[in-house]
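The residues making up each chain are set out below.
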Amino acid sequence: MGYKMENHNIEFDRIGSDIKTTLYDYVGIGSFSDTEHEREIEPFFMDLMKSYPYFKEHPDHFGVYRIPGDHLERGVCWAMVRGTGNDTVCMVHHYDVVGVEDFKTLKDYALLPDELHKMLEENKDMLSDEAREDLESGDFLFCKGGCDMKAGGSIQYTLLREYGNLALKGEFQGNVIVVGVPDEENLSSGMRGAAKLLAEMKEKYGFNYKLMINSEPHQRREPAVGVFSLGTVGKLMPFIYVRGSMSHVGKVFEGLNPVPILSEIERRTELNMDFTDVVDTDSESAECSPPPTWVYMKDSKEVYDVSMPLNAYGCVSILNLTSTPSEVLDKIKVICEDSFANIIEEANTSYHTFLRNSKREQKDLPWKVLVSSFDELLSEAKRDHREEFEKLYEKKVSELLDDFNSAKRSIINCNYELVSFVYDYVDNVEPRVVYGLVPPYYPCVSNLEYEKTDGKINELFPMLLDYTKTNFNQEYIKEYFFSGICDLSYIDMKDPEIVRKALTESMPLFGDFYDIPLEDINKISMPGINIGPWGKDFHKLSERVLTEDVYNRTPRILDAAVKYMLG
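Residues numbered from 1 in each chain as written. Predicted model: local features only at pLDDT ≥ 70, side-chain atom pairs only at ≥ 80, totals over all residues. Heavy atoms only, no water.

Participant: With reference to specific residues and values, describe the overall build of the protein chain.
Facilitator: What the protein chain contains, in helices and strands, is 18 helices and 21 strands. Taking 567 residues into account, the globule formula puts the C-alpha radius of gyration at 24 Å, and the protein chain, at 26 Å, falls close to it. Each principal axis of the C-alpha atoms in the protein chain carries an extent, and together these give about 95 × 55 × 50 Å. By residue count, 56% of the 567 residues in the protein chain fall in the buried class. Across the protein chain, the fraction of contacts at a sequence separation of at least 24, relative to all contacts at a separation of at least 6, is 78%. Taken as a whole, the protein chain presents about 24100 Å² of accessible surface, with 47% of it coming from carbon and sulfur. The centroid of the 62 positive side-chain charges in the protein chain is displaced by 2 Å from the centroid of its 98 negative side-chain charges. (Helix = DSSP H or I, 4+ residues; strand = E, 2+ residues; numbered from the N terminus. Rg over C-alpha atoms; globule rule 2.2 N^0.38 Å. Buried < 20%, exposed > 50% of the residue type's maximum accessible area, 1.4 Å probe, protein only. Contact = heavy atoms within 4.5 Å. Areas by Shrake-Rupley, 256 points an atom, 1.4 Å probe, with all protein chains shown as cover. Lys, Arg positive; Asp, Glu negative; His and termini not counted. Charge placed at Lys NZ, Arg CZ, Asp CG, Glu CD.)

Okay, here's the thing in structure tokens:
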């Protein structure tokens, strides 16, 4: 194909230093996720855009879109360059970063790349052998948030400036929008807000969205082979709530401990390959989602006493490539039923032995398997205490929302409290397992279907492969599902009504507490790709990104993708 694209009228040898300047300023802002400090990005962004020639002439082409209902009043930083026609490429990056707890005595240097480099040279014992080698090579930039992912954002903003310069001269075809979003590391409220913004922009300007480019850093299986991701893995987080029957520890057979039931469910789901999705991406390769792992598990007791706990609760993280929420929950239900039955059987075995040793009459324990979805539990409470319950339920949701917004409770704790509240209004007090979903929910998306209908998308990876080989002698491979979980989840939605029904029924906090603009995502639906620099050790002290990618290769590759899609 020979996609050399001779610099695309951009002086790439010049903009590397501009990317570095922007990156150092960007990194220097401690925009830690789910804190008020994320808003400190907004003045930086506004000043940066005001310094670009295009936006001096078009001050209405950038701004901060306030995320509806956000408890920290955070905003999506957006800017667009308009050329000719309606075809539009969008670029996205997140500007929040995780904390610096593991930096220990080096916390003060976490956001200062050059100073941190010097301090790490004096404290190499804090690094792994590989990280130490990368530090000594001088090829990687070490700092918090540089890799994940302000390097990608700095590249996008610098390219946008160049596109603006071309547009001022009437030399730019199509349109480019860049959005910087908060909260990706937590609940992705930023990208959920960006979907609403992009839907509004599409309606207002008549944009025809061709592609969303994310610039998350990519990891490599082989040092010499880069990765382009043509979609992203999805994520669901089923919760399991087990209500037992309390008794004194000296009367164990008069109660039912919920902990072994939850433990059995955990044992049967942890790393269970039945939950993994396998997608044959072509005749010679396939992608497989990682198996589930539990991220939270505890009983309800807060102090010690000589009784068994009444409740036990936990959440399991499940990554998916094709499975729907309903399909995942169907599997969860079967495991809950089988686990409950197994624990009752084991309890009866012990009870029979106890009776026999005590020379008492043989009989079974009274427990029966009872497993309900949250929607079924809620329906029971409404049936048993309709008017009283519905008013109190609305009040409880409001109280929990206030607690969450004021950081008094985590979203997992809010979910637990709400399920417990509903259970208290169910007349049937028999032990039970309740299952459902806790936020967040990340839909899985990929370009597999787009490639069947859109020749441009079908040729995107071959074009990039040829471009990188020709210009850098650099090999890249493709994957259809970025495994790190990212904001590309919110760019494509085929059946919003079906998904909304499934989430409404299974997620107690879905609605006013936590929502996804499914209908807006459906309006903006477009293919996506992740084109980002090579990075290592995301979220760690040794987080780092390859400077050759940041200042040279990745900007050119991004530009090649933009110009190809708008060409």
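Participant: Quick rundown of helix α10 (residues 374–384)? Include the residues and the values.
Facilitator: Along an α-helix, residues three or four apart share an orientation, since each turn contains 3.6 residues. All buried positions along α10 are accounted for by F374, L377, L378, E380 and A381. For α10, the arc enclosing every buried residue in end-on projection is 155°, short of the 170-degree limit, so these residues lie on one face. Looking at the buried positions of α10, the neighbouring elements they touch are β10 (238–243), β15 (371–373), α11 (386–405), α12 (411–423), β16 (432–437) and α16 (496–506). (Arc of directions from axis to C-beta.)

Participant: How would you sum up the packing of aromatic side chains? Please name residues and give values.
Facilitator: Remark: the centre distance and the inter-plane angle together describe each pair of aromatic rings, the angle taken between the planes. In this structure the tally under the stated criterion is 27 aromatic pairs. Taking 5.6 Å as the distance between ring centres and 70° as the angle between the ring planes, the aromatic pair formed by F140 and W534 counts as edge-to-face. Here the residue F140 occupies a position in strand β4 (residues 140–142), and W534 occupies one in the loop between β19 (528–530) and β20 (535–536), the gap between them amounting to 394 residues. One exposure class covers both F140 and W534, and it is buried. Measuring from ring centre to ring centre gives 5.9 Å for Y241 and Y416, while their planes differ by 40°; the resulting arrangement is tilted. Remark: Y416 occurs in helix α12 and Y241 occurs in strand β10; sequence separation between them is 175 residues. Members of the aromatic cluster, each reached through a chain of ring pairs, are Y26, F44, F45, Y52, Y54, F55, F62 and Y157. (Phe/Tyr/Trp six-rings, centres within 6.5 Å; stacked < 30°, edge-to-face > 60°.)

Participant: Give me the side chain of R544: which residues, what numbers.
Facilitator: Structurally, R544 can be placed in strand β21 (residues 544–546). Classification of R544 by relative accessible area gives buried; the value is 1%. Side-chain polar atoms of R544 contact the side chain of D134, separated by 2.8 Å. Polar contacts involving the side chain of R544 include one to the side chain of D537, which spans 2.8 Å. Discounting chain neighbours no more than four positions away, the residues touching R544 are E130, A131, D134, F140, L141, F142, C147, W534, G535, K536 and D537. (Polar contact = N/O pair within 3.5 Å; in protein donor to acceptor, adjacent residues only side chain to side chain.)

Participant: Would you mind going over the environment of F421 in detail, with residue names and values included?
Facilitator: Counting through the fold element by element, F421 comes out in helix α12. Residues F421 and K251, spaced 170 residues apart in sequence, show a C-alpha to C-alpha distance of 27 Å. Those residues within four positions of F421 in sequence are excluded, and the remaining contacts are F389, L392, Y393 and K396.

Participant: Talk me through the sheet that holds β21; I want residue IDs and the actual numbers.
Facilitator: Strand pairing in a sheet takes place through backbone hydrogen bonds and is either antiparallel or parallel in direction. Spatial strand order, β4-β21-β20: 3 strands in an open sheet with antiparallel pairing. Across the chains shown, the open sheet's two edge strands, defined by having one partner strand only, are β4 and β20. Alignment of β20 against β21, held across 2 bridges, turns out to be antiparallel. Directly across from K536, in β21, lies its bridge partner R544. (Pairing = 2+ DSSP bridges.)

Participant: Can you lay out the pattern of salt bridges for me, pointing to particular residues and giving the numbers?
Facilitator: Applying the stated rule across the entire model yields 40 salt bridges. Among the ionic pairs, R161 bridges to E162, the shortest N-O distance being 2.8 Å. In this structure, R161 and E162 share a single accessibility class: buried. The salt bridge partner of E449 is K452, with a shortest N-O separation of 3.1 Å. Highlighted residues: E449 and K452, both in helix α13 (residues 448–453), separated by 3 residues, approximately one helical turn. (Salt bridge = Lys/Arg side-chain N within 4 Å of Asp/Glu carboxyl O.)

Geometric descriptors of this kind do not, in isolation, establish any biological role.
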